[in-house]
Amino acid sequence: MPNFDAPPVVETVLGVEFSGLDRWGVQHFGLLWNQMRDRFPKFDVVAPLGSDIEEFGAPVYNRPQPSVQLVTEPEMRCWFIDEFDQTLVQIQKNRFIYNWRKTETGDKYPHYKNSIRPAFEKVWNEFNSFIAHEQLGSLNILQCEVTYINHLEIGTGWESTNDIGEVFTTLREPKQGEFLPLPEALSFNSVYIMPEKLGRLRVSVKPALRNSDGKEILQLTLTARVKATDEVGDLMKCLDLGREWVVRGFADLTTQRMHNIWKRKV
Amino acid sequence: MKNISSAVYENVFEIDMRLTVGESTQRNEFGWEKNSTQKYVTQFTPVTYVDEPKEWLQDSFKRLTELSKLNDDWDSYGAESPNNWTISQARDVLKNLSSEDLKPSSIDASVEGGICLSFQSGLRYSDIECFNSGEIFAVTSENGENTKVWEIMNLNLTSTINHIHNFIQSKT
């Protein structure tokens, strides 16, 4: 597996989408938070996520219709945040998500195997114990998700869109003398299907400004969504497969030159 | 006995109408931001997507970061420091200004608690002030006279920016 000493990753997200918690109510956010509050003392309420289940088969086009949704209980997602704003647990009725993010320039990526994976497993098991204790139903895991967010800072391997071919293996600028000038900005998305349609890897590159310091970046986001099936095995194996696609995908999409900057290990 | 419509209405906890005009944000009764790209994704690290990053926009973001570190009583007259909400609002306004390539002449903390983005051209002055209370007001004046003040709501941020742009650029 490709390994880097100084990868540009600023955030990792491990998530699970499930069904079956029909008895989950507002009160359970508070009860669960109370159990985790010693490690996640900060709390926030944010908009709920829609379902992101990967579908395969003939695409169905549904003409978008304006709609107003009436619901009889609050749809919400709660954030439990640690005191350093570095790790986050996101809970909603059909989602469980664990985030690690870099908070200071000097923070080193703690790596998946020895730090992020066990940390996820610990809070996930705690969540499952809570579900069982409160008799909220049985979780039916539908899909897991692994996202790595990378910040490719201007000045580190690239200065303008002229250098983009030096960063990404899949992009090339037109040769000099051809019609178009350099693009003022650049973004792209690509999607890859996993063998046996186990899931997809979604890649996006977008120009952005980082809010914390105003630095111009290209945000490279890789999200692997893997269906929870018998072929894949249990949830942790499902996440491992997703992470493998993210890491190998990252290595394939970026150039050797950038790998040297990120100190890829041989 | 209730009729059906009132019974249904009383059970409606929320009507989720995501405004898609402009890009400013608004908090609903649960505290989360409506119409904020950041809040509808799993991502925790805040960034602002920009189609064409402009140098002045980067400098403005850096300035906001500096202002976000102010403490209360930063002016030694008891002024509140800008809160996170105000900083976020100011960032949204800046992003909208960037679309018009309308660079503020200065970005400062407000003694009334908030962030003031000001524009000056000759005798014409304008500002957009984001207050800690969540309100945003705009002002235009010429040579200190004909002062007009109005509140910016979600739907009129774009038109306000257009108005200020025209006002500042027009000849005195």
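Here the structure is a predicted model, which is why all the values come from computation and not from measurement.

Enquirer: Before we move on, could you go through the overall build of chain B and cite the residues and values that matter?
Expert: Within chain B, the regular secondary structure consists of 4 helices and 9 strands. Starting at the N terminus, the α and β elements of chain B follow one another as α-β-β-β-β-α-α-β-β-β-β-β-α. Counting every position in chain B, which comprises 172 residues, the buried fraction comes to 49%. At a minimum sequence separation of 6, the contacts of chain B that also span at least 24 residues come to 44%.

Enquirer: Summarise the overall build of chain A; cite the residues concerned and give the values.
Expert: Looking only at helices and strands, one finds 4 helices and 10 strands in chain A. Counting across all 266 residues of chain A, residues that qualify as buried make up 47%. Taking as baseline every contact in chain A between residues at least 6 positions apart, the subset at least 24 positions apart corresponds to 70%. Roughly 13700 Å² of accessible area belongs to chain A as shown, and the carbon and sulfur atoms make up 49% of that amount.

Enquirer: Give me empty space enclosed by the protein: which residues, what numbers.
Expert: Residue and element names in this part refer to chain A. Inspection of every chain in the model, using the stated rule, returns 2 cavities of 30 Å³ or more. Taken as a whole, the largest cavity holds about 170 Å³ of empty space. Surrounding the largest cavity, 14 residues form its lining, Phe-4, Pro-7, Tyr-109, Tyr-148 and Val-247 being those nearest its centre. Every element with two or more residues in the lining of the largest cavity is listed here: strand S7 (140–153) and helix H3 (235–253). In terms of residue class, the lining of the largest cavity is made up of 10 nonpolar, 3 polar and 1 charged.

Enquirer: Go over the side chain of Gln-92 of chain A, please, and point to the residues and values.
Expert: All names here are of chain A. Here Gln-92 lies in strand S5 (residues 87–92). Polar contacts involving the side chain of Gln-92 include one to the side chain of Asn-94, which spans 2.8 Å. If we skip the residues at most four places from it in the chain, Gln-92 touches Phe-18, Phe-29, Pro-48, Leu-49, Met-76 and Arg-77.

Enquirer: Outline the confidence of the model for chain B, supporting the account with residue identities and numerical values.
Expert: All names here are of chain B. With 74% of its residues at a pLDDT of 70 or more, chain B has an overall mean of 77. Per-residue pLDDT, averaged within each element of chain B, yields its smallest value for strand S1 (residues 14–16) (37) and its largest for strand S5 (residues 106–110) (96). For the stretch residues 1–38, pLDDT sits under 50, and the model shows 85 contacts to residues farther than four places along the chain or on other chains. Predicted complex metrics record ipTM = 0.74 and pTM = 0.78.

Enquirer: Could you give an account of the pairing of strand S1 (residues 9–19) of chain A, naming the residues involved and the relevant values?
Expert: Residue and element names in this part refer to chain A. Summarising burial for S1: 10 of the 11 residues are buried, a large majority. The pairing of S1 with S7 spans 10 bridges and is antiparallel. Opposite Val-13, over in S7, you have Thr-147 as the bridge partner. With 7 bridges connecting them, S1 and strand S6 (residues 95–101) associate as antiparallel partners. From the neighbouring strand, Glu-11 faces S6, where its bridge partner is Arg-101.

Enquirer: Can you tell me about the packing of helix H1 (residues 26–36) of chain A against helix H2 (residues 112–133) of chain A, naming the residues and giving the values?
Expert: All names here are of chain A. For the pair H1 and H2, the least separation of the axes is 11 Å and the interaxial angle reads 130°. It follows from the interaxial angle that H1 and H2 lie oblique. Remark: the crossing between H1 and H2 carries right-handed chirality. Along its contact with H1, which presents His-28, Leu-31, Leu-32, Gln-35 and Met-36, the element H2 presents Val-123, Glu-126, Phe-127 and Phe-130. Residue composition of the contact of H1 with H2, grouped by class: 6 nonpolar, 2 polar and 1 charged.

Enquirer: Talk me through the sheet that holds strand S6 (residues 114–121) of chain B; I want residue IDs and the actual numbers.
Expert: Residue and element names in this part refer to chain B. With respect to topology, 5 strands assemble into an open sheet ordered S5-S6-S7-S8-S9, the strand pairing being antiparallel. This sheet does not close on itself; its edge strands, each paired only once, are S5 and strand S9 (145–151). On average, adjacent strands in this sheet sit at an angle of 20° to one another, irrespective of strand direction. Sitting on the sheet, helix H2 (residues 55–68) touches S5 and S6, and the angle it makes with S5 is about 20°.

Enquirer: Which residues make up H3 of chain A, and what values go with them?
Expert: All names here are of chain A. Here H3 contains 19 residues, and its C-alpha end-to-end distance of 27 Å stays within 8% of the 27 Å for a straight helix at 1.5 Å per residue. Leu-235, Met-236, Cys-238, Leu-239, Gly-242, Arg-243, Val-246, Val-247, Gly-249, Phe-250, Ala-251 and Leu-253 are the residues of H3 that are buried. The residue sitting at the N-terminus of H3 and contributing the capping side-chain oxygen is Asp-234; that oxygen lies 3.2 Å from the backbone nitrogen of Met-236.

Enquirer: Quick one: what's the story with the packing of aromatic side chains, residue by residue and with numbers?
Expert: Inspection of the entire model under this criterion finds 21 aromatic pairs over all chains. For the ring pair Tyr-109 of chain A and Tyr-148 of chain A, a centre distance of 6.1 Å and an interplane angle of 65° mean the geometry is edge-to-face. Taken together, the residues Tyr-109 of chain A in the loop between S6 and H2 and Tyr-148 of chain A in strand S7 connect sequence positions 39 residues apart. Per residue, the accessibility class of Tyr-109 of chain A equals that of Tyr-148 of chain A, and both read buried. Cluster of aromatic residues (ring-pair linked, three or more members): Phe-18, Trp-24, Phe-29, Phe-96, Phe-120, Trp-124, Phe-127 and Phe-130 of chain A. We note Arg-101 of chain A situated over the ring of Phe-44 of chain B; from NZ or CZ to the ring centre the distance is 3.7 Å. We note Arg-91 of chain B situated over the ring of Phe-61 of chain B; from NZ or CZ to the ring centre the distance is 5.6 Å.

Enquirer: Give me the nonpolar core: which residues, what numbers.
Expert: In this structure, Trp-24, Phe-120 and Phe-127 of chain A are the most contacted members of the largest nonpolar core, which totals 61 residues. If we ignore the near neighbours within four places in the chain, the residues touching Phe-127 of chain A are Phe-18, Leu-21, Trp-24, Leu-32, Ile-91, Phe-96 and Leu-139 of chain A. With 28 residues, the next largest nonpolar core counts Leu-64, Leu-67, Val-93 and Phe-119 of chain B among its residues.

So, how was this worked out
Residues numbered from 1 in each chain as written. Chains lettered and ligands numbered in written order. Predicted model: local features only at pLDDT ≥ 70, side-chain atom pairs only at ≥ 80, totals over all residues. Heavy atoms only, no water. Helix = DSSP H or I, 4+ residues; strand = E, 2+ residues; numbered from the N terminus. Buried < 20%, exposed > 50% of the residue type's maximum accessible area, 1.4 Å probe, protein only. Contact = heavy atoms within 4.5 Å. Areas by Shrake-Rupley, 256 points an atom, 1.4 Å probe, with all protein chains shown as cover. 1 Å grid on protein atoms, 1.4 Å probe; cavity = no way out; pocket = protein on both sides within 12 Å on 5 of 7 lines; lining within 4 Å. Points joined across faces, edges and corners; volume = space filled by probe spheres on them. Nonpolar A, V, L, I, M, F, W, Y, C, P; charged D, E, K, R; others polar. Polar contact = N/O pair within 3.5 Å; in protein donor to acceptor, adjacent residues only side chain to side chain. pLDDT = per-residue confidence, 0-100. Pairing = 2+ DSSP bridges. Axes fitted to C-alpha atoms, helices over the stretch in contact; angles between N-to-C directions. Parallel < 35°, antiparallel > 145°, perpendicular 65-115°, else oblique. Left-handed = near helix turned anticlockwise from the far one by under 90°. Expected span 1.5 Å × (residues − 1). Phe/Tyr/Trp six-rings, centres within 6.5 Å; stacked < 30°, edge-to-face > 60°. Lys NZ or Arg CZ within 6 Å of the ring centre and 35° of its normal. Core = buried A, V, L, I, M, F, W, Y, C linked by side-chain atoms within 4.5 Å.

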